[in-house]
Amino acid sequence: MDKIKNFIKNLSIQKSILLYMTAALFCSFLLSAAIIKIAAQTQMRIWWNYVDEEAYFQAIQREGADYVADIPRPSALDMTKPDHFVSELCDFLQTYTILILSIAGSCAAVFLFYQNKLKPPMEELSFASKRIAENQLDFQITYENKDEMGALCMEFERMRAQLAKNNQALWRTVEEEKMLRAAIAHDIRAPLSVLKGYQEMLMEYLPGADMDIEQALELLSESGRQIKRMDAFVENMRKISSLESRKLTAQEISAGELETDIRTELAVFKKEYGKQTILQVTALDKSFCGDKEIILEVTENLLSNAFRYGKRQIGVRIQLEYAKLSVCVRDDGDGFSDEPEKVTEAFYRHNVKDSLKHAGIGMYISRLYCEKHGGNLILENDKQQGAVVTAIFRRIV
């Protein structure tokens, strides 16, 4: 029985309507034959009540090849009103039953065909159209019959899935562009802060002759280096469509060179926040192959957070090996109140006040760049007080 149901369900629309019409007409003819037979028998019983039985039997005895005896139709005046009504009704049924039942059967076939073959997929397609118009694509079309409507629903489902995929890709592109803009705004802030600090120092010390020409030229040279760094950063960002697509540029970095750059950053942050700093660098005689700009950007992000949340003292420890470079930044603030996975999400904000000035993307960028460099970002709370963040970079070639 299930096989027959599945066979009928999967018939094409043309074959289905033909099957429904054939079944309806067949049933109509059978029912019409039964009704006509019953009507004729009923009419004969009514007429028999008004027949002269003796004359009828005599007529039967005279039947031959050219003569057949039959029950005569009584006159309407001879029959009672109920018998006359039933007799006329039997005449009507014998004449029009086939026509009436054929029309009724055809209508029933069309109705059942619509209910079983057209209505379910049309309702699903109508529902799907409304959901798509409302930009809600988290649904599925479940009509599975293997007919023309099933093929249409399958194509509609394929279109919905493609729209959902395209929508996700579009939102992903929008988010990537949003993060890229936020990263540019975030990472360019550190060189600008350095330039601002140098400008303030020049304006403060030069008029009073508290700074000699060599010191001024050194500040100007460092300012030029920061400007070149910003130019290189902007050029790199201009060529990429997302942070993940940023390519690493390998170069040999000495511990002494890295210490000089970080001391410069610490001096700027110290002047802005007025907090004590401690810098420790190990393996001064070794060098590390990596992307210097990436490493400095991550370090600046860690220092920015440490100076913003620390209370009195910031500690930085750099450990340089041939295959690995680690930058550990420690502060004496309140530490992390959320899980590391949440802190390193894009646009994470610790509180409303913090979100007014910062985009909440620094830790996300740091984690992403560490992973691109083959390392990782470790967030911990100090046993005594404050937060400890360690950025690990692996050697690249």
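Further up the page is the structure itself.
Residues numbered from 1 in each chain as written. Predicted model: local features only at pLDDT ≥ 70, side-chain atom pairs only at ≥ 80, totals over all residues. Heavy atoms only, no water.

1. Comments concerning the overall build of the protein
Tallying secondary structure elements over the protein gives 12 helices and seven strands in all. The proportion of buried residues among the 397 residues of the protein is 37%. Put simply, of all contacts in the protein between residues at least 6 apart along the chain, 71% involve residues at least 24 apart. In the form shown here, the protein has an accessible surface area of approximately 24,200 Å², with 57% of it arising from carbon and sulfur atoms. (Helix = DSSP H or I, 4+ residues; strand = E, 2+ residues; numbered from the N terminus. Buried < 20%, exposed > 50% of the residue type's maximum accessible area, 1.4 Å probe, protein only. Contact = heavy atoms within 4.5 Å. Areas by Shrake-Rupley, 256 points an atom, 1.4 Å probe, with all protein chains shown as cover.)

2. Describing the sheet that holds strand β2 (residues 276–282)
As summarised here, the arrangement of the five strands in space is β2-β4-β5-β7-β6, forming an open sheet in which the pairing is mixed. Only two strands of the sheet have a single partner each, and these edge strands are β2 and β6 (376–381). Direction aside, neighbouring strands of the sheet carry axes that sit 10° apart on average. One ladder, built from six bridges, connects β6 with strand β7 (residues 387–394); its direction is antiparallel. For Leu379, the partnering residue across the bridge sits in β7 and is Val389. (Pairing = 2+ DSSP bridges. Axes fitted to C-alpha atoms, helices over the stretch in contact; angles between N-to-C directions.)

3. Section: the pattern of salt bridges
Considering all chains together, one arrives at 14 salt bridges under this definition. Here Arg158 makes a salt bridge to Glu155, at a shortest N to O gap of 2.5 Å. With Arg158 and Glu155 both in helix α5 (residues 148–187) and three residues apart, this pair spans about one turn of that helix. By relative accessible area, Arg158 is classed as partly exposed at 46%. For Glu155, a relative accessible area of 47% translates into the label partly exposed. With its nearest N and O atoms 2.9 Å apart, the salt bridge here joins Arg263 to Glu259. Here Glu259 and Arg263 lie together in helix α8 (residues 255–273), a separation of four residues that amounts to about one turn. Classification of Arg263 as partly exposed rests on a relative accessible area of 42%. Looking at Glu259, the relative accessible area reads 18%, which means it is buried. One continuous salt-bridge network, built from bridges that share partners, spans Arg73, Glu88 and Asp91. (Salt bridge = Lys/Arg side-chain N within 4 Å of Asp/Glu carboxyl O.)

4. A few points about helix α9 (residues 292–309)
Its 18 residues give α9 an end-to-end C-alpha distance of 26 Å, which sits within 8% of 26 Å, the value for a rise of 1.5 Å per residue. Along α9, 15 of the 18 residues are buried, which leaves the element largely enclosed by surrounding structure. At the N-terminal end of α9, a side-chain oxygen is found 3.1 Å from the backbone nitrogen of Glu293, two or three residues along, and the residue is Asp291. (Expected span 1.5 Å × (residues − 1). Polar contact = N/O pair within 3.5 Å; in protein donor to acceptor, adjacent residues only side chain to side chain.)

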